[in-house]
Amino acid sequence: MTTPLLSINGLTKTYPGVIANDDVTFDIAEGEVHALLGENGAGKSTLVKAIYGLVRPDTGTMTWRGAAYSPGAPAQARATGVAMVFQHFSLFDAMDVAENVALGMDNPPPIRELAARITDVSQNYGLPLDPSRMVGDLSAGERQRVEIIRCLLQDPQLLIMDEPTSVLTPQEVDILFHTLRKLKSEGKSILYISHKLEEIRALCENATVLRLGKVVGRADPRDESARSLAELMVGQTLHQPSREQVTPGAPLLEVQNLSLPPQSAFGTALKNITMTVREGEVFGIGGVAGNGQDELLAALSGEARSAPGAVSVMGDSIGHMGPTARRALGLLSAPEERLGHAAAPDMSLSENALLTGAWREKLVNRGFVNWRKTRGFAERVIEAFDVRTPGAHVAARALSGGNLQKFVVGREIMQRPRVLVVNQPTWGVDASAAAAIRQALLDLAHNGAAVVVISQDLDELMEVADQFAALNAGALSAPRPVKGLTMDQIGLMLGGAEGDSNAAA
Amino acid sequence: MLRLEKRPSPSQTWNYLTPVVAVILTMIVGGILFAALGKNPFEAIKLIFWDPLFSEQFAAYSRPQLLVKAAPLILIAVGLAIGFRAGIWNIGAEGQYIIGALCAASVALAFYPAGGWYIFPLMIIAGAAGGWAWAMIPAILKTRFNTNEILVSLLLVYVAEKLLAAAATGFLRNPEGAGFPGSRNIFNYAPASNQELIANSGMHWGVVAALISVIFAYVLLQKHILGFHVQLAGQAPRAAKFAGVAPARLVLMCLGLSGALAGLAGMFEVSGPARLITIDFNAGYGFTAIIVAFLGRLHPVGIVLAGLLLALTYIGGELAQFMLNLPASAIQVFQGMLLFFLLALDVLSNYRVRLNTNSSKEAA
């Protein structure tokens, strides 16, 4: 057997109170696309940070082509031949592509030379990118290309990719996969982290599954079904959200020609958005990040005001109303950003329950807060949505992302909304919690509410939505029934070119 | 190497402990400072913190002064703390304090020498309204033109000082004062006089107002949805907007409230302890109240304690000034150090300090 490129042996890393990695052992061979699977909190990030020199393991060893490898810093990892594309980009909006690339290099060449090399690499690997464009004007997919090219310029032997497709359209995913396969054919190795099992099956030949910091399985993803991989990851039989067919009733939420100017320099303007959501219906809105999702949620929640008639609930014009008045009418919402938007990080869960529940749950009497009732409401949300926390007195920031998300979505659902708008309801949430949230949304619709789900996860939308529309540069496509919609059609809708055959993705 | 590690939740223990540690550190470093000035540091510290309350020689005079000095500090700090909690930084309470005093004095002098029970209440209204109006200038500029309220409110202090000088030498000058700057003695004008309510206690109407404001602020912050929204806006502005808080209304409310309370403090001062409008009427209460607010953890009860402590440094400072010949600015340095240590130590409630066992030097 040949020496593996990178071999990890008994790696353990503990943080106060948690074991992030517990005796993790696996090999990455030369020229292999290796998948690292696991739920949120399974220890994938810690593991790749150890490989990239950002985290120093407590015990355990790594060897690189047979030689001891223990990077003390990312610069050392890069010098060895490890490069990493992070899930969250670290780019500056107000600088162009070449400048951004230069910022991430240890010894950047002059900008003009660098620009030439960027063009070179981008053509070589089929990643179209103009080095002189401003990053603020790029789509999420293009931004990711900036990060990838920054890595490729170092000519790495091992490329680590953390959830690379979460922000891409299906067409962009195809381009990315093409690039990754080309890299593989050149003998480079890729460590691919994702929770999208179909992708892993299409791309990887080896998978290591982590659960609670431990390696719980190894598999060849091509021999497994997505379902069996998921169950390996979660360690239990997965509950598939189920729904009963409901005939949509009267329209509850109507949006008519809603237009709003951008709220900030790199914000998106909403253009002539029109949609109708009926009783019992789940309306799915797809689209790549930064195409107006936050703005649309703000316009519906009441954080951004519009012309009175642009938004109406049960026939009442509410475009001019603020969040409190809209909540009183039964229009509730849950924004994407949990910490700082949907919840105040340093406040307790009780206080965060009061944040949106004050009036609808009658937690306030003539302006005075009934704290006992508020705690009761928070505890009901915690109970009903299985939020793992010692109690309602805990600060929101102490909860894991998935648990806080359950709390935030649960807080709105428990208030019996007539219309609920959620943005990225299961972002960063583990598979079982995501299934629970989706089921709750479906149940809500089944009981006669209108639900709008804004999400970048197309699989999620296909699972829960009845109608699908795509947001592109602030404009919403005409909705189509989800039944019978193909991924290709969706891709074209996301690209803003539905039905237009000569449009490029 | 020392390393800071973020705590999952803010530490309540440190939240309450930091003011105490800050006071102790201030005493130590202050002592070093006094030693550098060639004074006996132990004597100086004793003179500032102990003698005003317990020395037989000084306590009879100093003890009532404690309430006299603490009342305006507490009154102003309570208003500031509500704004600070909302992330609205009124740094110009000193100016609002001056304008409140000027408005109240103008009302009193307009009625002079008539009698009437209604004069004192009218002065209270005028004082509060004056401070409110002065604070409305940064508030409206902020909500309309998005100016920085820190700068505007601070600079308006200097405008207020000019107005004060103009009043003392011009439009409010005592016509029977032989040309000396300064207004008529308002304290000696019975219908406008803010007398001690209990003889030799220092207890005057300003102390009563300070206590009422503390209770009001406590109820507002702990029990009322408005107080919740104030804190929400300070901690997570986006979440506050999501909850339905209108930022502009909050700015107007917080600046207005703190301005009105500072104006009230000015009113009680000019009609009581200060007795009249003079060029140097303002004693820095508006600035010291910022320290009081932070030292009291922006909490009404904490502010009472911090107000009493800072009042003590005023009294003790004066004492040290004439007993030890300490420069007057030494006590300001002392107060400043207190704020400095407090803010520096605050990092401990959100982070824990760890010894770094990790030899890695590079931050990626």
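This one's a predicted model, so the numbers in the text were calculated from it and none came from an experiment.

**Q** Give a description of the overall build of chain B that names residues and reports values.
**A** Secondary structure summary: chain B contains 15 helices and two strands in total. What you see for chain B is a C-alpha radius of gyration of 22 Å, in line with the 21 Å of a compact globule of 364 residues. Expressed as a percentage of its 364 residues, the buried residues of chain B come to 49%. When contacts within chain B are restricted to residue pairs at least 6 apart in sequence, long-range pairs at least 24 apart make up 79% of them.

**Q** Tell me about the overall build of chain A, residues and numbers included.
**A** Helix and strand content of chain A: 16 helices and 23 strands. With the C-alpha coordinates aligned to their principal axes, the bounding extent of chain A is approximately 70 × 55 × 40 Å. Expressed as a percentage of its 505 residues, the buried residues of chain A come to 50%.

**Q** Can you explain the domain arrangement of chain A? Please cite residues and give values.
**A** Residues and elements named next belong to chain A. Domain annotation for chain A reports domain 1 (6-234), domain 2 (241-330 + 419-428 + 449-495) and domain 3 (337-416). One C-alpha centre belongs to domain 2, the other to domain 3; they are set 24 Å apart. Going through the elements one at a time, helix 10 (323-328) and strand 19 (419-423) are the ones with two or more residues in the side of domain 2 that touches domain 3. Counting residues per element, the side of domain 2 that touches domain 3 draws most heavily on helix 10, which supplies three residues.

**Q** Requested: an account of the interface of chain B and chain A, with residues and values cited.
**A** Tallying the contact residues gives 22 residues for chain B and 32 residues for chain A. When grouped by side-chain class, the residues that make up the side of chain B that touches chain A number twelve nonpolar, six polar and four charged.

**Q** Talk me through unusual backbone geometry; I want residue IDs and the actual numbers.
**A** Cis peptide bonds are those with omega within 30 degrees of zero, and the linkage from B:Tyr112 to B:Pro113 qualifies with 0°. With respect to the helices and strands, B:Pro113 occurs in the loop between helix 5 (93-111) and helix 6 (119-145). Positive phi values are uncommon outside glycine, yet A:Gln424 reaches one of about 50°. Structurally, A:Gln424 is set in the loop between strand 19 and helix 14 (431-446).

**Q** Break down the packing of helix 12 (residues 285-295) of chain B against helix 14 (residues 328-345) of chain B for me, citing the residues and quoting the values.
**A** Residues and elements named next belong to chain B. Two elements in contact, helix 12 and helix 14, have axes separated by 10 Å at closest approach and are oriented at 35°. Considering only the axes of helix 12 and helix 14, their crossing is left-handed. Across the interface between the two elements, Thr-288, Ile-291, Phe-294 and Leu-295 of helix 12 pack against Gln-335, Leu-338, Leu-339, Leu-342 and Leu-343 of helix 14. The residue inventory of the contact of helix 12 with helix 14, partitioned by class, reads seven nonpolar, two polar and no charged.

**Q** Before we move on, could you go through the environment of B:Met337 and cite the residues and values that matter?
**A** All names here are of chain B. Within the secondary structure, Met-337 is located in helix 14. Residues Met-337 and Leu-25 lie 312 residues apart in sequence; the distance between their C-alpha atoms is 8.9 Å. Leaving out residues up to four positions away in the same chain, Met-337 has contacts with Thr-26, Val-29 and Gly-30.

**Q** Got a sec to walk through the sheet that holds strand 4 (residues 59-64) of chain A? Specific residues and values, please.
**A** Residues and elements named next belong to chain A. Across the sheet, four strands lie side by side as 2-1-4-5; this open sheet has antiparallel pairing. The sheet is open, and its two borders are formed by strand 2 (18-28) and strand 5 (67-68), each paired with just one other strand. Looking at chain direction, strand 1 (residues 6-15) and strand 2 are connected through seven bridges and run antiparallel. Residue pairing in the sheet places Tyr-15 in a bridge with Val-18 of strand 2.

**Q** I'd love a proper account of the confidence of the model for chain A, names of residues and values included.
**A** On average, residues of chain A score 86 in pLDDT, and 94% of them reach the 70 mark or higher. Across residues 499-505 of chain A the pLDDT falls below 50, and counting only partners more than four positions away or on other chains, this stretch makes seven contacts in the model.

**Q** Now, about the sheet that holds strand 6 (residues 82-85) of chain A: what can you tell me, with residues and values included?
**A** All names here are of chain A. With mixed pairing, the six strands of this open sheet are ordered in space as 6-7-8-3-9-10. The open sheet has two edge strands, strand 6 and strand 10 (214-219), and neither has a second partner. Between one strand axis and the next, the sheet turns through 20° on average, direction left out of account. Contacts from helix 5 (residues 140-152) reach strand 6 and strand 7 (158-162) within the one sheet, and its direction differs from that of strand 6 by about 175°. Running over the sheet, helix 8 (residues 226-234) touches strand 3 (33-37), strand 9 (206-211) and strand 10 and is turned about 165° from strand 10.

**Q** Summarise the nonpolar core; cite the residues concerned and give the values.
**A** Residue and element names in this part refer to chain B. One finds Ile-74 and Ile-76 to be the most contacted residues of the largest nonpolar core, which totals 271 residues. Looking at this core, the element that brings in the most residues is helix 4 (residues 59-85), giving 15 residues. When neighbours within four sequence positions are excluded, Ile-74 is seen to be in contact with Ala-210, Val-214, Val-292, Ile-303, Val-304 and Gly-307.

**Q** Account for helix 6 (residues 170-185) of chain A, with residues named and values stated.
**A** Residue and element names in this part refer to chain A. Across its 16 residues, helix 6 extends 23 Å between first and last C-alpha, which sits within 8% of the 22 Å expected from 1.5 Å per residue. Buried within helix 6 are the following residues: Glu-172, Val-173, Leu-176 and Leu-180. Take helix 6 and look down its axis: the buried residues cluster within an arc of 100°, on one side only. Looking at the packing, one finds that the buried side of helix 6 touches strand 3, helix 5, strand 8 (189-193) and helix 7 (197-203). After helix 6 finishes, the residue Gly-187 shows a positive phi value of roughly 90°.

**Q** Report on the pairing of strand 10 of chain A, specifying residues and quantitative values.
**A** Within a regular beta strand, the side chains point alternately toward one face of the sheet and then the other, so they alternate between its two faces. Residue and element names in this part refer to chain A. With five bridges joining them, strand 9 and strand 10 adopt antiparallel strand pairing. Its bridge partner lying in strand 10, Thr-208 is registered against Arg-218. Between strand 9 and strand 10, which pair antiparallel and follow one another directly, the connecting turn spans two residues, one of which, Leu-212, has a positive phi of 50°.

**Q** Any chance you could break down the environment of A:Ala478 for me, citing the residues and the numbers?
**A** Among the secondary structure elements, A:Ala478 is positioned in the loop between strand 22 (475-476) and strand 23 (480-481). Distance from A:Ala478 to A:Leu300, taken between C-alpha atoms, is 18 Å for residues 178 residues apart in sequence.

**Q** So what's going on with the packing of helix 1 (residues 12-36) of chain B against helix 14 of chain B? Residues and values would help.
**A** All names here are of chain B. Interhelical geometry of helix 1 versus helix 14 gives an angle of 135° and a closest axis separation of 8 Å. By the angle between their axes, helix 1 is oblique relative to helix 14. Handedness of the helix 1/helix 14 crossing: right-handed. Along the contact surface, helix 1 presents Thr-18, Pro-19, Val-21, Ala-22, Val-23, Leu-25, Thr-26, Val-29, Gly-30 and Leu-33, while helix 14 presents Val-333, Phe-334, Met-337, Leu-338, Phe-341, Leu-342 and Leu-345.

**Q** Give me the lowdown on the pairing of strand 6 of chain A, citing residues and values where you can.
**A** Residues and elements named next belong to chain A. Residues Val-82 and Met-84 point to one face of strand 6 and Ala-83 and Val-85 to the other, with burial holding for every one of them. Examined bridge by bridge, strand 6 and strand 7 share four bridges and lie parallel to one another. Bridging from a neighbouring strand, Val-85 pairs with Met-161 of strand 7.

Parameters at a glance
Positions within a chain are numbered from 1, following the residues in the order the chain's sequence is written. Each chain is given a letter, starting from A, and each ligand a number, starting from 1, according to the order in which they appear as written. For this predicted model, a pLDDT threshold of at least 70 governs which residues receive local features, and a threshold of 80 or more governs which side-chain atom pairs are given and counted, while totals over whole chains, interfaces and linings are taken from all residues. Numbering of helices and strands runs from the N terminus, with a helix taken as a DSSP run of H or I at least four residues long and a strand as a DSSP run of E at least two residues long. Radius of gyration means the value over C-alpha atoms here, while the globule rule gives 2.2 Å times the residue count to the 0.38 power. Any residue surrounded by 20 or more other C-beta atoms within 10 Å of its C-beta is treated as buried, while 12 or fewer makes it exposed and the intermediate range makes it partly exposed; C-beta atoms here are placed from the backbone. Think of it this way: build a C-beta for each residue from its backbone, and any pair within 7 Å is a contact. Here the limits of each domain have been adopted from an automatic or database domain assignment. Here the nonpolar group is Ala, Val, Leu, Ile, Met, Phe, Trp, Tyr, Cys and Pro; Asp, Glu, Lys and Arg are the charged ones; every other residue, Gly included, is treated as polar. In this description, a line fitted to the C-alpha atoms serves as the axis of each element, helices being fitted only across the stretch in contact, and the angle between N-to-C directions of two axes falls anywhere from 0 to 180 degrees. The hand of a helix crossing depends on one turn: near helix anticlockwise from the far one by less than a right angle means left-handed, and clockwise means right-handed. Two strands qualify as a pair provided DSSP detects at least 2 bridges between them. pLDDT measures how confident the predictor is about each residue, on a scale from 0 to 100. By definition, a nonpolar core groups buried Ala, Val, Leu, Ile, Met, Phe, Trp, Tyr and Cys residues that connect through C-beta atoms lying within 7 Å of each other. The length a helix should cover is 1.5 Å for every residue beyond the first. Comment: arc refers to directions from the helix axis out to C-beta atoms. Roughly parallel here means an angle under 35 degrees, roughly antiparallel means over 145, roughly perpendicular means 65 to 115, and every remaining angle is called oblique.

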